[in-house]
Amino acid sequence: MFHGLYALPDADAARADDLAARFALPRLSAPPADGYWLALGDTRLELVTAHGHGAVYADFVEGAARHRREHGGGSGQPVARAIGIKGGNRPSVVDATAGLGRDAFVLATLGCEVTLLERSPVAAALLDDALSRAAADPATAAIAARMRLVHADAADWLAALDPAVRPDVVYLDPMFPDTGKSAAAKKDMQAFQVVIGDDTDAGKLVAAARGAAKKRVVVKRPRLGVLLGDDKPSTQLVGKSTRFDLYTPSR
Ligand SMILES: C[S@@+](CC[C@H](N)C(=O)[O-])C[C@H]1O[C@@H](n2cnc3c(N)ncnc32)[C@H](O)[C@@H]1O
């Protein structure tokens, strides 16, 4: 069970108030004895458990993000090809299932303007925290400036989108029961998956995305995963463990 937001004694109290208000997170006066909660420390926000292991946070500055930024596959990597990065072409992207923002960060690093939609208050708060740290670091500030977080349900947001500002690409990577992800990845992300749950309503996002995208919809799936929704993709880019299903816009 998820309880709310606990600010450690050395955390910035005003920042905790701001996060709690913007993402409707109950404020906790002490760490709970069980379940999951967001812990704000002096450096970052983390999703933690009572057992003290498996803290999950979003990060665009250090660790894997730094490695990807410095040694990533550039515009040749599968996600870049899937969304149509080619030569100087940098499509605008709505990442409608932003999660911890890893895919969005890759695309923004390559120069795309990315709008990140996230409906879970927990994931949205973690993203907000990672984005503010990235904005404050000279190595990532320009990339963070290309990333805009919107805490909303993508189905509603896409349906209400002003036609004048349709993105080139809508990108979908929902949490799906048959993710086929490795046991290690599952363990690493256990707290996140338990708190967020499966996106069992993700099928309907394909139609909403096809109505919003100007150029294409890209759905990330496990290599052998079932299609998302009822529509048939026009193209499939199949990698070692991941597949990208490409759909044409519906208008
Ligand atoms: C598997 S994660 C995405 C991981 C992400 N691609 C990354 O690189 O970190 C799926 C996320 O999509 C969010 N999500 C699912 N359906 C959504 C919807 N209709 N609107 C907004 N967010 C949604 C979930 O809350 C979850 O955080």
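Here is what the cut-offs are and how they apply
- Residues numbered from 1 in each chain as written.
- Predicted model: local features only at pLDDT ≥ 70, side-chain atom pairs only at ≥ 80, totals over all residues.
- Heavy atoms only, no water.
- Helix = DSSP H or I, 4+ residues; strand = E, 2+ residues; numbered from the N terminus.
- Rg over C-alpha atoms; globule rule 2.2 N^0.38 Å.
- Buried < 20%, exposed > 50% of the residue type's maximum accessible area, 1.4 Å probe, protein only.
- Contact = heavy atoms within 4.5 Å.
- Areas by Shrake-Rupley, 256 points an atom, 1.4 Å probe, with all protein chains shown as cover.
- Pairing = 2+ DSSP bridges.
- Axes fitted to C-alpha atoms, helices over the stretch in contact; angles between N-to-C directions.
- Near = heavy atom within 4 Å.
- Polar contact = N/O pair within 3.5 Å; in protein donor to acceptor, adjacent residues only side chain to side chain.
- Nonpolar A, V, L, I, M, F, W, Y, C, P; charged D, E, K, R; others polar.
- Domains from an automatic or database assignment.
- Buried area = accessible area lost by both parts, 1.4 Å probe.
- Salt bridge = Lys/Arg side-chain N within 4 Å of Asp/Glu carboxyl O.
- Core = buried A, V, L, I, M, F, W, Y, C linked by side-chain atoms within 4.5 Å.
- Phe/Tyr/Trp six-rings, centres within 6.5 Å; stacked < 30°, edge-to-face > 60°.
- Lys NZ or Arg CZ within 6 Å of the ring centre and 35° of its normal.

Caption draft 1: Main features of the overall build of the chain. Along the backbone of the chain there are 10 helices and 11 strands. Against the compact-globule benchmark of 18 Å for 251 residues, the chain has a radius of gyration of 18 Å, which places it among compact chains. When each of the 251 residues of the chain is scored for burial, the buried share is 49%. A separation of at least 24 residues holds for 64% of the contacts in the chain among residues at least 6 apart in sequence. Counting every atom, the chain has about 11800 Å² of accessible surface; 53% of that belongs to carbon and sulfur.

Caption draft 2: Spotlight on the sheet that holds strand S4 (residues 45–49). With respect to topology, four strands assemble into an open sheet ordered S2-S1-S3-S4, the strand pairing being mixed. Whereas interior strands pair on both sides, the edge strands pair on one side only; in this sheet they are strand S2 (27–28) and S4. By the bridge criterion, five bridges tie strand S3 (residues 36–40) to S4 in an arrangement that is antiparallel. Its bridge partner being in S4, Leu38 is matched across the sheet by Leu47. Packed onto the sheet, helix H5 (residues 121–136) meets strand S1 (2–7), S3 and S4 and runs at close to 140 degrees relative to S4.

Caption draft 3: The pairing of strand S8 (residues 169–172), seen in detail. Neither face of S8 is exposed, since Val169 and Tyr171 on one face and Val170 and Leu172 on the opposite face are all buried. The pairing of S8 with strand S9 (residues 216–222) spans four bridges and is parallel. Bridge pairing in S9 places Tyr171 opposite Val218.

Caption draft 4: Seen up close, the site of the ligand. Close contacts around the ligand come from 23 residues, with Thr97, Asp103, Glu118, Ala154 and Asp173 the closest. At 2.9 Å, a backbone N or O of Asp103 approaches an oxygen atom of the ligand. Arg119 is positioned such that a nitrogen or oxygen atom in its backbone is 3.2 Å from a nitrogen atom of the ligand. Burial of the ligand by the protein amounts to 97% of the accessible area it has alone, namely 610 Å². Going through the elements one at a time, helix H4 (102–109), strand S6 (114–118) and helix H9 (190–196) are the ones with two or more residues in the shell around the ligand. Here the residues of the shell around the ligand are counted per class, giving 12 nonpolar, four polar and seven charged.

Caption draft 5: Spatial organisation of the domain arrangement of the chain. Assigned domains of the chain: these are domain 1 (2–49) and domain 2 (63–181 + 196–247). The gap between the C-alpha centroids of domain 1 and domain 2 is 27 Å. Opposite the 12 residues of domain 1 that make contact, domain 2 presents 11 residues. In this assembly, domain 1 packs against domain 2 so that about 920 Å² is buried in total across both faces, 67% of it on carbon and sulfur atoms. Counting the contacts that link domain 1 with domain 2 gives three salt bridges. Between Arg15 and Asp128 there is a salt bridge; the shortest N-O distance is 3.1 Å. Viewed at the interface, domain 2 and domain 1 are joined by three residue pairs in polar contact (both at pLDDT 80 or more). Split into classes, the residues belonging to the side of domain 1 that touches domain 2 amount to seven nonpolar, one polar and four charged.

Caption draft 6: Spatial organisation of the nonpolar core. Formed by 56 residues in total, the largest nonpolar core has its most connected members in Leu5, Leu38, Ile83 and Met147. In terms of residues, this core owes the most to one element, H5, which gives nine residues. Here this core spans two domains, and each of domain 1 (2–49) and domain 2 (63–181 + 196–247) adds at least three residues to it. Ile83 has contacts with Pro91, Val93, Leu107, Cys112, Val169, Tyr171, Arg216 and Val218, leaving out every residue within four places of it along the chain. In this structure, Ala96, Ala154, Trp157 and Leu205 belong to the second largest nonpolar core, which totals 23 residues.

Caption draft 7: Expanded view of the packing of aromatic side chains. Under the definition given, this model contains one aromatic pair. Ring centres of Phe60 and Phe105 lie 5.0 Å apart, and the angle between their planes is 5 degrees; this geometry places the pair in the stacked category. Taken together, the residues Phe60 in the loop between S4 and helix H2 (63–71) and Phe105 in helix H4 connect sequence positions 45 residues apart. You can call Phe60 buried: its relative accessible area is 1%. Positioned over the ring face of Tyr57 is Arg44, at 3.5 Å from the centre of the ring.

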